[in-house]
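# Architecture and fold: a report
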Amino acid sequence: MTLEEARKKLSAAGQEHVLDHYDELTENEKEMLLSQIEDTDLSVLQYAKNPNDINPRGVFEPLAAMELDEIDSRKKEFHDAGVQAIKDGKTAAVLLAGGMGTRLGSDNPKGMFNIGLTKDVFIFQRIIENLLDVVKETGTWIRLFVMTSEKNNDATVAFFKEKNFFGYKEDKVVFFRQDMAPACDRSGKLYMEERYRISTSPNGNAGWYSSMIKAGLDRILKDEGIEWINIFAVDNVLQRICDPCFVGATVLSKVSVGAKVVRKADPDEKVGVICLEDGRPSIVEYYDLSDEMKEAKNKKGDPAYNFGVILNYLFHVPELDEVVKGSLPLHVVEKKIPYMDEAGNHIKPDKPNGYKFEQLVLDMIHELSTCLPYEVIREKEFAPIKNPTGVDSVESARELCKLNGIEL
Ligand code: UTP
C-alpha cells in the first residue's frame, strides 16, 4: 500500500494520527506500518461508539441437557463409541491459547503459569497430562492443534520445546496463529503500540477455525479423516479433553456440536447458560438472564436455565465448514490496552482503558442447528484460572486440584 492510499484509508476512518510519526521512521518501519494499515480492518472501530448496542438478542427458550443420571445409565455405550471414534483417528483437539490473559496479569502466555507449590506444575502441563490419560487409555495419539497469537506464539512454542512437550508426541502437535484486530480508546481512536505499529489484540476465540484454514490445516483434517474437533480453553486445569464418554455421547446423538456444561452453583452465577434462541442452540450471558428466566422451571421442577458452559465443545467438522462461510457477531470488550503515548512512553495501564474487538466461540454454537449439552461434575472438570486471587483464581484452582488428588 502506498503512503497516499494509507492516508486515504485512515482519513475515511478518522484515524489520521496513525501516521503522525511517519517521517521519523526508518524505511523498514515505514514498510511495516503501511502493510499493517493495509491488513487492518478499520470498520470494527465504528462499534466503539455504541459498544453495548450491537448484538440484539432473540427469543430465549430452555434447552434440556443430558444430565449425569442418563450419562451414567448409558456409560458403557457412550464410552465404547467414543473410544472407537478416537481409535479410528476421527477426533482431534484444539487448545485455545491465543488469549492475552490480562486478568491474570502475567506477561507470559497463560499456559506457562506455574500453579505448583512443591514442584513445577504448569497450566500447559496439566492440560497435556489430562490428554495423555486418553492417549494411554485408547492407545492412540490424538492430533493436538494449539492456537496462539502473534503476541504469544514464539514464547509458547519455545516453552513446549523446552519442556519436551510434557511427554506428548511432538509430531502430533501443530501450532497456528489466530488473526489480530485493532484496539482503540473509548472514543474509537486507535492506540499505537510503537510509532510504526497500531496496537492490536487477538480477535477472539471464534477465530480458531478460520485461522486453522488460513494456515492450511484443513489439509491435515482431510488427510487424517478427522471428523470431530474438541476445542477447549487453556485456563481450566481440570479440563478433560476428548474424553471418550463425551465423544461417544455426541457422536451417537448425531448433533453438530456437543457442549460440556456444569450445573449452576446459584441462579446468579456469572456463567453463560446454554439455551435455545429463536429455535437454535445458543448461550445466554448472565447479564441477559431475565428474572423470569431465572425463576422458570423444567418438567422435573429444576431451574430451566440451569447449565453453564465451560468452553469445552466437540464440533462436527462438516458443519464448521458452513459456519466459516458466514460472519459472526462482533463483541466490543473493555480491556487494558498497552500503548505508546504522545511522548513515546510505553504505558501499561492497570485498569481498562479502551476496547478490543472479538468474535466468540459461543456465537459459533448459534450458527449450528443442533447441540448436545452434556453435564459434567463441576468439581471434577472445572477449575478455571482467570484471576490471581478470589473467584476463578490460582487459589481456587489449586484447591480443586487437591480435591482431585493432583499433587502440586
Ligand atoms: P478469556 O475470555 O478468558 O480471555 O479466554 P483471555 O484473553 O485469555 O483473558 P483475559 O480476559 O484477558 O483475562 C478464554 C479462552 O479463549 C482463549 C483464551 O486463551 C482462553 O483459553 N482465547 C481468548 C483465544 O484463544 N483467543 C482470543 O482472542 C481470546
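Here the structure is shown first, and the text comes after it.
Within each chain, residues carry numbers counting from 1 in the order of the written sequence. It should be noted that, the model being predicted, local features are given only for residues of pLDDT at least 70 and side-chain atom pairs only at 80 or more, the latter also being counted only at that level, while totals for whole chains, interfaces and linings use all residues. No hydrogens and no water enter the side-chain calculation; it runs on all heavy atoms of the structure.

Bringing the overall build of the protein into the picture now. Helix and strand assignments come from DSSP, with helices taken as H or I runs of at least 4 residues and strands as E runs of at least 2, each series counted from the N terminus. When helices and strands are tallied, the protein shows 14 helices and 18 strands. Note on method: radius of gyration uses C-alpha positions; expected globular size equals 2.2 Å times residues raised to 0.38. Relative to a compact globule of 408 residues, whose C-alpha radius of gyration would be 22 Å, the protein shows 22 Å and is just as compact. Its C-alpha atoms give the protein principal-axis dimensions of about 70 × 50 × 45 Å. We call a residue buried when its accessible area falls under 20% of the maximum for its residue type, exposed when it is over 50%, and partly exposed in between, using a 1.4 Å probe and counting protein chains only. Scored against the burial criterion, the 408 residues of the protein give a buried share of 52%. Looking at the protein alone, contacts between residues at least 24 apart form 76% of all its contacts between residues at least 6 apart. Note on areas: these come from Shrake-Rupley sampling with a 1.4 Å probe, and a residue is covered only by the protein chains present in the view. Surface summary for the protein: the accessible area is close to 18900 Å², and the carbon and sulfur share equals 48%. The averaged location of the 69 negative side-chain charges in the protein is 3 Å from the averaged location of its 52 positive side-chain charges. We call two residues contacting when some pair of their heavy atoms lies within 4.5 Å. Positive charges are assigned to Lys and Arg, negative charges to Asp and Glu, while His and the chain termini are left out of the count. Charge placement uses NZ in Lys and CZ in Arg. For Asp and Glu, CG and CD serve respectively.

Before going further, it helps to examine the pattern of salt bridges. Salt bridges, as used here, are contacts in which a Lys or Arg side-chain nitrogen is within 4 Å of a carboxyl oxygen on Asp or Glu. All told, the structure shown has 31 salt bridges when counted by the stated rule. Note that Glu 193 and Arg 197 form a salt bridge whose closest N and O atoms lie 3.0 Å from each other. Here Asp 268 makes a salt bridge to Lys 294, at a shortest N to O gap of 3.0 Å. Of this pair, Asp 268 sits in the loop between strand 10 (257-263) and strand 11 (273-277) while Lys 294 sits in helix 10 (residues 291-295), and the two are 26 residues apart along the sequence. Overlapping salt bridges, with partners in common, bring together Glu 67, Arg 263, Lys 300 and Glu 375 in one network.

Right, let's get into the side chain of Asp 185. Of note, Asp 185 is situated in the loop between strand 5 (180-182) and strand 6 (192-194). Lys 189 is the oppositely charged side chain nearest to the buried, salt-bridge-free Asp 185, at an N-O distance of 5.6 Å. Among the polar contacts listed, one links the side chain of Asp 185 to the side chain of Ser 187, at a separation of 2.8 Å. Those residues in contact with Asp 185 that lie beyond four places of it in its chain are Tyr 191, Asn 353, Gly 354 and Tyr 355. Any pair of N or O atoms that falls within 3.5 Å is considered a polar contact. Within protein, one atom must be able to donate a hydrogen and the other to accept it, and sequence-neighbouring residues count only if both atoms are side-chain atoms.

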